[in-house]
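# Coordinate analysis (summary)
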Amino acid sequence: MAEKTRKQEFFKGLWGENPITRQLLGLCSVLAVSNAVINGLAMGLAVTFVLIFSSLIVSLIRKIVPNQVRIASFIVIIATFVTIADRTLAAYFPHLSKAMGPYVPLIVVNCIILGRAEAFASKNKVSRSVIDALGMSGGYFLTILLMGLIRELLGNRTILGYPILGKWFSPWVVMLLPPGAFIMLGLIIAISNVIDFKIKERQKRV
Amino acid sequence: MNLATRMIVTLTSIGLISGSFLAIVGQVTKERIIFNKKHEIEMAALKVVPGASNVKMIYEERDFAIFEDRDETGNLIGYALQAAGTGFQDKISLGVGVSPDLNTVLSLIIIDQKETPGLGAKITDEISFLQYWKNRDCSKSLILRKPPVDNPNSLAPNEVNAITGATISSQAVLNIVNEAIKKARQLQAEGKLSERH
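Here we summarise the structure given alongside this text. (Residues numbered from 1 in each chain as written. Chains lettered and ligands numbered in written order. Predicted model: local features only at pLDDT ≥ 70, side-chain atom pairs only at ≥ 80, totals over all residues. Heavy atoms only, no water.)

## Brief notes about the overall build of chain B
- Of regular secondary structure, chain B possesses 2 helices and 8 strands.
- Along chain B, helices and strands appear, N-terminal first, in the series α-β-β-β-β-β-β-β-β-α.
- Here the C-alpha atoms of chain B give a radius of gyration of 23 Å, more than 25% beyond the 16 Å that 2.2 N^0.38 yields for 197 residues.
- Residue burial in chain B is summarised as follows: out of 197 residues, 42% are buried.
- Total accessible area computed for chain B in this model is approximately 10700 Å², and 56% of it derives from carbon and sulfur atoms.
- Mean positive and mean negative side-chain charge positions of chain B (22 and 22 charges, respectively) differ by 5 Å. (Helix = DSSP H or I, 4+ residues; strand = E, 2+ residues; numbered from the N terminus. Rg over C-alpha atoms; globule rule 2.2 N^0.38 Å. Buried < 20%, exposed > 50% of the residue type's maximum accessible area, 1.4 Å probe, protein only. Areas by Shrake-Rupley, 256 points an atom, 1.4 Å probe, with all protein chains shown as cover. Lys, Arg positive; Asp, Glu negative; His and termini not counted. Charge placed at Lys NZ, Arg CZ, Asp CG, Glu CD.)

## Comments concerning the interface of chain A and chain B
- On the side of chain B, 23 residues touch chain A, which itself brings 25 residues to the contact.
- Buried surface at the junction of chain A and chain B, summed over both partners, amounts to about 2000 Å²; 74% is from carbon and sulfur atoms.
- Contact with chain B buries area across many residues of chain A, yet Pro66(A), Ala91(A) and Lys98(A) alone supply 23% of it, more than any other trio.
- Here chain A and chain B share 1 salt bridge between them.
- Among the ionic pairs, Lys98(A) bridges to Glu40(B), the shortest N-O distance being 2.5 Å.
- Of all the secondary structure elements, the ones that give two or more residues to the side of chain A that touches chain B are helix H4 (70–92) and helix H5 (94–100) of chain A.
- Here the side of chain A that touches chain B gets 12 residues from one element, more than from any other, and that element is H4(A).
- A per-class count over the side of chain A that touches chain B returns 16 nonpolar, 6 polar and 3 charged. (Contact = heavy atoms within 4.5 Å. Buried area = accessible area lost by both parts, 1.4 Å probe. Salt bridge = Lys/Arg side-chain N within 4 Å of Asp/Glu carboxyl O. Nonpolar A, V, L, I, M, F, W, Y, C, P; charged D, E, K, R; others polar.)

## As for unusual backbone geometry
- Residue Pro147(B) is bonded to the preceding Lys146(B) through a cis peptide linkage, with omega at -5°.
- Here Pro147(B) lies in the loop between strand S7 (143–145) and strand S8 (159–161).
- One non-glycine residue, Leu160(A), lies in positive phi territory at about 55°.
- With a phi angle near 50°, Asn135(B) is a residue other than glycine that sits in the positive phi range.
- Inspection of the secondary structure puts Asn135(B) in the loop between strand S5 (104–112) and strand S6 (136–137).

## Remarks on the packing of H4(A) against helix H6 (residues 111–121) of chain A
All names here are of chain A.
- The interhelical angle for the contact between H4 and H6, taken along N-to-C directions, is 135°, at an axis separation of 10 Å. Viewed along their axes, H4 and H6 adopt a mutual orientation that is oblique. The way H4 lies across H6 gives a crossing that is right-handed. When H4 is examined against H6, the residues Arg70, Ile71, Phe74, Ile75 and Ile78 are found in contact with a partner set consisting of Ile113, Leu114, Ala117 and Glu118.
- For the contact of H4 with H6, a count of residues per class yields 7 nonpolar, no polar and 2 charged. (Axes fitted to C-alpha atoms, helices over the stretch in contact; angles between N-to-C directions. Parallel < 35°, antiparallel > 145°, perpendicular 65-115°, else oblique. Left-handed = near helix turned anticlockwise from the far one by under 90°.)

## Quick notes on the pairing of strand S3 (residues 76–86) of chain B
All names here are of chain B.
- Most of S3 is tucked away, with 9 of its 11 residues classed as buried.
- Two elements, strand S2 (residues 64–70) and S3, share 7 bridges in a ladder whose sense is antiparallel. In the strand pairing of S3, Asp69 is matched with Gly78.
- Adjacent in sequence and paired antiparallel, S2 and S3 are bridged by 5 residues, among which Gly74 carries a positive phi angle near 90°.
- Sheet analysis places S3 next to strand S4 (residues 91–98), joined by 8 bridges and oriented antiparallel. Bridged to Gly85 within S4 is Ile92.
- The antiparallel hairpin formed by S3 and S4 contains 4 residues in its connecting segment. (Pairing = 2+ DSSP bridges.)

As structure tokens, this is what we get:
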């Protein structure tokens, strides 16, 4: 396969290899904390921080670490950044930290991060790994944000706590509960599949 | 260097570097995290007794604490009870303001809860729940009004509104409050709440 340009490396994370809609990785946190926009934002930022820095470090030390202990090393590195993110949130944004509960520490086991470390950062140059991490976290960020927008709007009539829909709209409480998360995620994946299919059809005709 | 030593050296150094990094981050954030927790409870204790300008913790045990609320001139205007108990899904922690004679609930605030979003979580909502907790007569146990009424004035003095669809959460809050007031009364009878001004 021909080497991708940097632009392609970045955009594949947003669409073609989007970690959530295409690779179906790291769904636990997406389902759990997307019930409000602000939680989605904070989770997206935390994952972005951890993914970029762990990809950077993993790529830097890729030639030093013996193959046999690479996974253990990656996990230690990831856990370090997750703990930094978690402590910082708890110290400076206590409300957000409370709303996200155990899901920040659980970024350690988020498959996107170990997945990118193993599949990409450990085999590629530093600059390329960071671009890949940016694209992947961008894809994660946008998807969890979209979920948060729809779920908060339909489930609570608000966006970021500001009322958007009037009293005439009876909130769909189910959207705030776990079933709502599964339904939304299923719809988003289905819609993105349809769009992807259409794009490929058009490319074939050309 | 043979493979075994390389493995040991790499993992050890990664561990050491991460460890020292985390030690620094832990040191920097530790005080602020403790401060945040204390501050949150104190702010709640101040808020539940209207007109209070300073609070002091005078009693503490597991899941229960009493704060004295005084106004600007130093008069005791009420107590804030911080209590926690079992909710529908997890522990509910709340603060309740009571008059100095422990016969009136001044107001209620929920500090921490993990009830069902959209249903039980409404216990944190001013309009659908907390507003009905203002100035309740708690000389006897408080009871739940079910189904809820719209106007706070149509509640009996010792009644509070339940939340439609979340009776268990409403009942849990009520039990925690009743229990806390009972405990405070017991402590007062034992003379552990200072009456000095």
